[in-house]
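Take a look at the letters that make up each chain.
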Amino acid sequence: MNAIVILVYVLVAVSSAVVITGVARTRRAAAGAPETGVDDLMEAAFLAGGPGRVADTVISEMHTDGRLAVGRPGVVSIRQPVARTPVENALLDALTSSPNGALDRLRRELMRAPEVQAIGDDLARRGLLMRPAALRPWRNAARAQVVACWLGVPLGIWLTVRQNMDGNGGFPVIFLILPALFLGFGVGGICANLAKGRLTSAGRRALDAFRRDTEMGTAERPGGLPSGHWSSAPAVSSANSAARAAPAVAVAVALGGAATIAADTVLRDQLLQAYRVRGASSGDGSGSSGISDFSGGSWCGGGSGCGGGS
């Protein structure tokens with residue numbers, strides 16, 4: 001029995017050390033690129049919530065300035081077929097090919113569009129985001145350690161029963177191995193959570209700077225900016241570059257998700273419903289908040305549980 005107890009401690013210690021080292025080295029390597037700021041609102045949206053946030057942002061922007069109409073029950077129609085960016089052009093293309101203009105389908109196709117996926121690739125190249133495949137092996141290893149530690153509990157109980165049946169004295173085996181199992185469970189859970197996050201430290205600083213500049217730009221305008229109106233100056237900017245003017249509702253969605261829309265309740269409700277449909281269809285159970293969704297194209301991993309940037 002003593003040999004089994006020692007083996008459990010050794011296995012947990014080695015597994016924990018390997019997982020911790022793997023997660024730390026992978027995140028450190030991703031942060032090695034020269035630090036840059038956020039160039040525009042779509043990049044901020046991707047950092048804050050992935051491809052799903054970009055889709056919600058561009059839909060909100062084009063709806064607010066009158067180029068799209070979003071109404072019940074989750075139907076989108078074109079009012080002015082004018083695209084000012086590649087992402088907006090991808091949205092119009094997806095909507096033109098959609099037979100019924102369903103918002104949930106449009107959102108899903110836009111998330112997977114090359115123009116949206118390219119934003120994530122560029123952010124990863126600049127060291128602001130982790131590539132989806134980089135941490136996936138370590139996240140799986142951490143989860144496997146958690147499962148193994150859970151399975152160690154019934155094993156310890158069985159060994160304790162055998163210990164009593166054989167008439168061996170001493171402290172029950174289950175209580176001897178519980179500290180190792182709890183340690184392994186805690187380390188595995190923490191590492192799985194760290195491996196789930198997509199933002200690097202540089203990405204978090206860039207997004208925070210973007211938020212601060214946005215708040216200062218709003219504060220400088222008397223009375224703020226009413227939702228659904230165009231600003232006369234750039235609504236958002238970063239330390240390195242200024243973003244073009246955008247409706248305040250689009251800025252709010254980019255940084256906080258569709259749930260932050262206050263004035264246009266129809267737009268908010270339809271975007272949140274489309275997010276819930278996406279979460280239910282992917283089986284991730286994350287479709288309740290509409291805050292973060294990285295589950296699109298190569299930048300995927302299960303809705304808000306996959307590393308939502310915020």
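Check the entry above for the structure.
My aim in this report is to walk through the structure given alongside it, one point at a time.

The rules we used
In every chain, residue numbers begin from 1 and rise along the written sequence. The model is predicted, so local features are restricted to residues of pLDDT at least 70 and side-chain atom pairs to those at 80 or more, both for listing and for counting; the totals for chains, interfaces and linings are taken over all residues. Only hydrogens and water are set aside; all other atoms, that is, all heavy atoms of the structure, feed into the side-chain values. Three exposure classes are used, based on accessible area relative to the maximum for each residue type with a 1.4 Å probe and protein chains only: buried under 20%, partly exposed in between, and exposed over 50%. Here a strand is any run of E in DSSP of at least two residues, a helix any run of H or I of at least four, and the numbering for each starts at the N terminus. What the arc covers is the set of directions going from the helix axis to the C-beta atoms. Whether two residues are in contact is decided by their heavy atoms: any pair within 4.5 Å suffices. Stacked, tilted and edge-to-face are the three classes applied to pairs of Phe, Tyr and Trp rings, where Trp contributes its six-membered ring and a pair requires centres within 6.5 Å; stacked means planes under 30 degrees apart, edge-to-face means over 60, and tilted covers the rest. Nine residue types can take part in a nonpolar core, namely buried Ala, Val, Leu, Ile, Met, Phe, Trp, Tyr and Cys, and a core is a set of them joined through side-chain atoms within 4.5 Å. A pair of strands is considered paired only if DSSP assigns at least 2 bridges between the two. Interaxial angle, 0 to 180 degrees, is taken between N-to-C directions of lines fitted to C-alpha atoms, where a helix line uses only the stretch in contact. Any angle from 65 to 115 degrees is called roughly perpendicular, while one under 35 is roughly parallel, one over 145 is roughly antiparallel, and all others are oblique. When the near helix sits turned anticlockwise from the far one by under a right angle, the crossing is termed left-handed; a clockwise turn instead gives a right-handed crossing.

### Regarding helix α4 (residues 103-111)
Within the sequence span of α4, burial applies to Leu103, Leu106, Arg107, Leu110 and Met111. Around the axis of α4, the buried residues are gathered within 130° of arc, so they sit on the same side.

### Let's talk about the side chain of glutamine 270
The residue glutamine 270 is located in helix α10 (residues 265-282) in this model. Excluding residues that lie within four positions of it along the chain, glutamine 270 makes contacts with Val70, Gly71, Arg72, Pro73, Gly74 and Leu103.

### Some remarks on unusual backbone geometry
Cis geometry marks the peptide bond from arginine 72 to proline 73; its omega dihedral reads -5°. With respect to the helices and strands, proline 73 occurs in the loop between β1 (68-71) and β2 (75-78).

### Remarks on the packing of aromatic side chains
Here the structure, examined in full by the defined rule, presents two aromatic pairs. Relative to phenylalanine 185, the ring of tryptophan 150 lies with its centre 5.2 Å away and its plane at 80°, an arrangement referred to as edge-to-face. One end of the pair, tryptophan 150, is in helix α6 (residues 132-165); the other, phenylalanine 185, is in helix α7 (residues 173-196), with 35 residues separating them in the sequence. Using a relative accessible area of 54% as the deciding quantity, one classes tryptophan 150 as exposed. In this structure phenylalanine 185 comes out as partly exposed when scored by relative accessible area, which is 34%.

### As for the side chain of serine 60
By secondary structure assignment, the location of serine 60 is in helix α2 (residues 41-64). Residue serine 60 is classed as buried on the basis of its relative accessible area of 0%. Among all residues touching serine 60, those that are not within four sequence positions of it are Val249, Val253, Ile261, Leu267 and Leu271.

### Re the nonpolar core
Membership of the largest hydrophobic core comes to 51 residues, with the highest contact counts inside it found for Phe46, Leu47, Val54, Val58, Ile59, Leu91 and Leu110. Those elements that provide at least two residues to this core are α2, β1, α3 (86-97), α4, α5 (114-125), α8 (201-219), α9 (248-256) and α10. With residues up to four places along the chain from it excluded, the contact list for valine 58 reads Met42, Val87, Glu88, Leu91 and Leu110. Counting eleven residues, the second-largest nonpolar core is a separate cluster that includes Val8, Val12, Val173 and Ile177.

### A word on the pairing of β2
Examined bridge by bridge, β1 and β2 share four bridges and lie antiparallel to one another. Each residue of the ladder has a partner; that of valine 70, found in β2, is valine 76. If you look at the hairpin formed by β1 and β2, you'll find three residues sitting between the two strands, and glycine 74 has a positive phi there, around 70°.

### Looking at the packing of α2 against α9
The contact between α2 and α9 brings their axes to 7 Å, and the two run at 155°. As judged from the angle between their axes, α2 and α9 are roughly antiparallel. Here α2 and α9 pass one another in a crossing that is right-handed. Contact with α2, carried on its side by Leu41, Ala44, Ala45, Ala48, Arg53, Asp56, Thr57, Ser60, Glu61 and Thr64, involves Val249, Ala250, Val251, Val253, Ala254, Leu255 and Gly256 of α9 and no other residues of that element.

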